[in-house]
Every structure is written in structure tokens, then in C-alpha cells.
Amino acid sequence: MKDRYDVLVVGAGPAGSTVARLVAREGFSVLLLEKDRDVGTPVRCGEAVSNRSLESIVDVDPRWIAATIRRFRLVAPDGSCVEPDLGGHGYVLERRLFDYDLARMAVDAGAELRTKAYVDGLLADGGEYRGVTISLNGERRTVGARIIVGADGVESRVGRWAGIDTTTPFRDMECCAQMTLADVDMEEDACEFHFGTAVAPMGYLWIFPKGHRTANIGVGVSGAAAKHKSPIRYLNEFVARRFPRAGILTTVAGGVPCAATLEDIVRGNVVLVGDAAHQVNPMSGGGITSGMHAARMAAEAIAGALRAGDLRLLAAYPKEWQRSHGAKHRTYHRMKEAVYRFPDERLNAIAAGVLALAPEQRTIWGVFRVALMKHPALVWDMAKTFGFSAFH
Amino acid sequence: MLLIEIKDNTCDFCGCCVGVCPEDAIALQEARIDIIEERCTNCAKCVWACPFEALIFHRPVREAAS
């Protein structure tokens, strides 16, 4: 390990490893730091992605895929099921392999990687930061860098140290409890999403098959709901009811920042990506591929800034993020806020409304159109953001 | 005075509490978590957000009127 690098990346999740790989590939020195003993574990994630989104950012290794999803089942509080056609398929990933491989690919591209490397502060130098302080296997030291990337996930402390308020608004934090279950009876190509105040108020419960009769099951509820009853209680109750005989392979907690996008993701020579930059889709809570797409934009801006020796070129990254994802995420956030307020009867009525549609109209847009029927302003907002064709 | 306590055997070190803390008053390592007393304002957001109920808010005992 050297004393100084061109780029230092804090956090070896999908976004951090992708920035590290793409910047190292351009010939710059990169150090990737992970605070845990292992890259890829524990898995605090539902692990589902859309095939198109993943394939557009990385060459997919079949080993990463635990299950291919062809059906998406939305379950209303009264138990009625809607299966909208999403116009593609999904994967449930094996993230312990996926994250591990992305980090390995970063190393193969020339990055250095250290685990058990806990970054606990930035070294200030005027308006910039010349490096970080770390505890590496318990030993304190400093490492210098021209650019520091905060890919430190939901905690997002690197951003705060650089003066960016990355606190997730309490209501926007989806507080999650999840398990991996063994010996479950379910269709191995269908994802289930359960809604309603009894199972997951201001959020949803997911069941994603992972092959070999195993499944990733979890509950995410807004902090505003978790305050009254914690996610682990919702999950235990559901599992006892639906899978009373299943074995529990893992039990994990997690937080997902489902906020409207963060405007401020670059400050001086500090760049934020992934959950740390609140780049999760606030409607679905999915953040793997959006974080990786952001990582690619960030890597391009970083390589450009280093090549030109001009940090101002980092501004290309937030600009590209806002253009490609920011506006959409703001609309998703408004939609989420509307859906949060739906009482159970309304959710049941939406399911009934969608089931009344002709089968070819039962798309995800059909669901939203029925759901937002009483919110013409939001439908207009969606049409502007996603294109009017989504509604035909 | 710090009114929040973290139960060692319940915490999963997930960082949900760190994400909602408005004061950057929680430091999380792989399997160690500390509340930084000088920064904590006892707002209890971390307690409410914890998925596993690993944080406890101890209500202050009101001092007897003197």
C-alpha cells in the first residue's frame, strides 16, 4: 500500500467497486477500502434487478444469478393478486458473489483493495481534502489522494465530513429486516410484493426466490412506521404465517435511503456515489444498477478531471446524473409519497381496478394509471417524466 | 447526558441509525458501534429507525422539585 493515490474509494459495494475499476482501467492509481472483513457480506439487500438495467452496465456472469424472474406478483391487503407485464425479466442476484467479483474486477483493472480498512475522517487542506485517516486491521494511518469517492452506503459519513448534508430524512428511510429461508414452497420464477398496513405500512414485503427452494424475504417500512412497530416484528409474523416450517439461513437488518435525489454529490475533490448519494430509486428501493450507472458517470468525470488536472471537470458527473436519473427519481419520490397515504381499501380497489383491465393493459404503467386516477397532477408529472407513450 | 443505549447482542451493525442521525453522532465499524456523546442530542430518530429494536431510549427521570 502506498502513501498516496490518484483516487481513494471508500466502500467496496457495487458502486464503489465500479468506480474503482473504471478509473483504474484509465491508468490512474486507485485504492479501494472496505470496512468489513469480507467484500460482499453480509448481504443487506433484496438482490433483485431488471435484466436490461444490469446488462447495460456490466457483462453478466451466470454465476451471479440465483433465479430468473418472469412474473411479478403484487399482492393487495385483501390477498388479491395482480401480475403486471413489466416488458422484460428480472434477476435475483447472489450478491455475495456479485460484489466479490466486481471488487476482483477492480483489482484486475489495477486498483488496490484492502478489507478491514475503516475510514474515520478526512484530512482537510484549505477547501479540499488531501486524504483520509484510516484504521487498518486496527492500526491507525493516513493515506493521501487527489480525489476521494464516498461509496460508503446508507451511513454516508464521507459526504458529511466534506460538508454535504447526507442525512436521510427519517420518513424516507426504509428500515428493513430480511431473511434467507430454506425449504420454502414457492414458484421459482415469481417475485412477490405484499402491501398493506398489516404486512408493511409505508413500504412493502418482498419474497424473491433464489433457487433450490430458498428465498430472500424481507420487509421495508418507512421510519415513520418503524417508530410504531419494528420491521423484524412484521417479518417474524409473516414468516410464521406463510412459511412456518422454513429454516432460516440468515437474518439481517438494513436501511435504504428512499429520498428524492441528492443535488449535492460533488464537493471540491469529494465525490459521492450509490446509496451514499441517495441514488436509490425511491419507489422500488432498488439501488444496485442505478448506483453502478452513477459510478460509470462519476468515473468518466474523475478520469477527465485527473487528465486535465482540473477538479472543476467533476461537475460533469452531477449534471449527467440529474439529466439521466435525477428528474425521474424526483417523480418516483412524489409517487411514493402519494402511495404511502393510500389506506388498505384503496389498495384493494386498485387491485380490483387493474384486474378489470384487458390483459394486455395490465402493465406496470396500467397499475400506476389506476393507482393515480385520483391524482391527475401526478399522472401529468409521470407523463412528462417518462414520456406519454407509457400511458398508451 | 446520553439517554440512548445500544444493546450489544441485538445490533446487526447495519447503519440504518447512522443514516438518519442528523448530528453524525454514530460511528459504525464492522462489528462495533458507538454513539458520540458530545454530538448526540437524544433526538431518538436512531431508536425509532432500528429494524431490530437494538436501541433503547431511557426517559430521563425527573428530578424531585426542590
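Quick summary incoming for the structure in this document. (Residues numbered from 1 in each chain as written. Chains lettered and ligands numbered in written order. Predicted model: local features only at pLDDT ≥ 70, side-chain atom pairs only at ≥ 80, totals over all residues. Heavy atoms only, no water.)

A word on the overall build of chain B
Here is the rule: For helices the rule is a DSSP run of H or I covering at least 4 residues; for strands it is a run of E covering at least 2, with both sets numbered from the N terminus onward. Whether a residue is buried, partly exposed or exposed follows from its accessible area with a 1.4 Å probe, protein chains only, as a fraction of its type maximum: under 20%, in between, or over 50%, in that order. Contacts are assigned to residue pairs that have any heavy atoms within 4.5 Å of one another. Residue burial considers only the protein chains on display, and all accessible areas are found by Shrake-Rupley using a 1.4 Å probe. Counted as positive: Lys and Arg. Counted as negative: Asp and Glu, with His and the chain ends omitted from the count. Charged groups are reduced to one reference atom each: NZ for lysine, CZ for arginine, CG for aspartic acid, CD for glutamic acid.
A tally of helices and strands in chain B yields 2 helices and 4 strands. Secondary structure of chain B in N-to-C order comes out as β-α-β-β-α-β. Along the longest, intermediate and shortest principal axes, the C-alpha atoms of chain B span 45 × 20 × 15 Å. Taken across its 66 residues, chain B has 48% of its residues classed as buried. When contacts within chain B are restricted to residue pairs at least 6 apart in sequence, those whose partners lie at least 24 apart make up 54%. Here chain B displays about 3800 Å² of accessible surface, and carbon together with sulfur accounts for 47% of that area. Charge centroids of chain B, computed over 6 positive and 11 negative side chains, lie 7 Å from each other.

Focus: the packing of helix 1 (residues 14-25) of chain A against helix 3 (residues 95-108) of chain A
Angle between the axes and distance between the axes: these two values describe a pair of packed helices. Residues and elements named next belong to chain A. Counted only if it meets this: Lines fitted to the C-alpha atoms define the axes, with helices restricted to the stretch that makes contact. Angles between their N-to-C directions range from 0 to 180 degrees. When describing relative orientation, an angle under 35 degrees is termed roughly parallel and one over 145 degrees roughly antiparallel, while 65 to 115 degrees is termed roughly perpendicular and anything else oblique. Two helices crossing with the near one rotated counterclockwise from the far one by less than a right angle form a left-handed crossing, whereas a clockwise rotation gives a right-handed crossing. Under the convention adopted here, Pro, Cys and the residues Ala, Val, Leu, Ile, Met, Phe, Trp and Tyr are nonpolar, Asp, Glu, Lys and Arg are charged, and Gly plus all remaining residues are polar.
Here helix 1 crosses helix 3 at 20°, and the two axes come no closer than 8 Å. Relative to helix 3, the element helix 1 lies roughly parallel. Handedness of the helix 1/helix 3 crossing: left-handed. Every residue of helix 3 that contacts helix 1 at Pro-14, Ser-17, Ala-20, Arg-21 and Ala-24 is listed here: Arg-95, Phe-98, Asp-99, Leu-102, Ala-103, Met-105 and Ala-106. Classifying every residue of the contact of helix 1 with helix 3 by side-chain character gives 8 nonpolar, 1 polar and 3 charged.

What about the nonpolar core?
Where we set the bar: We call a set of buried residues a nonpolar core when its members are Ala, Val, Leu, Ile, Met, Phe, Trp, Tyr or Cys and they connect through side-chain atoms within 4.5 Å of each other.
Within the largest apolar cluster, 58 residues are counted, with the highest numbers of intra-cluster contacts made by Val-7, Val-9, Val-149, Val-271, Ile-302 and Tyr-317 of chain A. Residue contributions to this core peak at 10 residues, all from helix 7 (residues 288-308) of chain A. Apart from the residues within four sequence positions on either side, Val-9 of chain A is in contact with Gly-16, Val-19, Ala-20, Val-30, Leu-31, Leu-32, Leu-33, Val-149 and Ala-151 of chain A. Core analysis: the second largest hydrophobic core is formed by 53 residues, Ile-207, Ile-217 and Val-221 of chain A together with Ile-4 of chain B among them.

What about the environment of Val-10 of chain A?
Residue and element names in this part refer to chain A. Among the structural elements, Val-10 can be located in strand 1 (residues 4-10). Take Val-10: its relative accessible area is 9%, and that puts it in the buried class. Taking the C-alpha atoms as reference points, Val-10 and Glu-188, 178 residues apart in sequence, are found 36 Å from one another.

Things to note about unusual backbone geometry
All names here are of chain A. In this model, Thr-41 is joined to Pro-42 through a cis peptide bond whose omega is -10°. Checked against the element boundaries, Pro-42 lands in the loop between strand 2 (30-33) and strand 3 (48-50). For Asn-137, which is not a glycine, the phi torsion comes out positive at approximately 50°. Relative to the helices and strands, Asn-137 resides in the loop between strand 10 (128-136) and strand 11 (139-150). At His-212, a position not held by glycine, the phi torsion is positive, near 55°. For His-212, the location among the structural elements is in the loop between strand 14 (200-209) and strand 15 (214-222).

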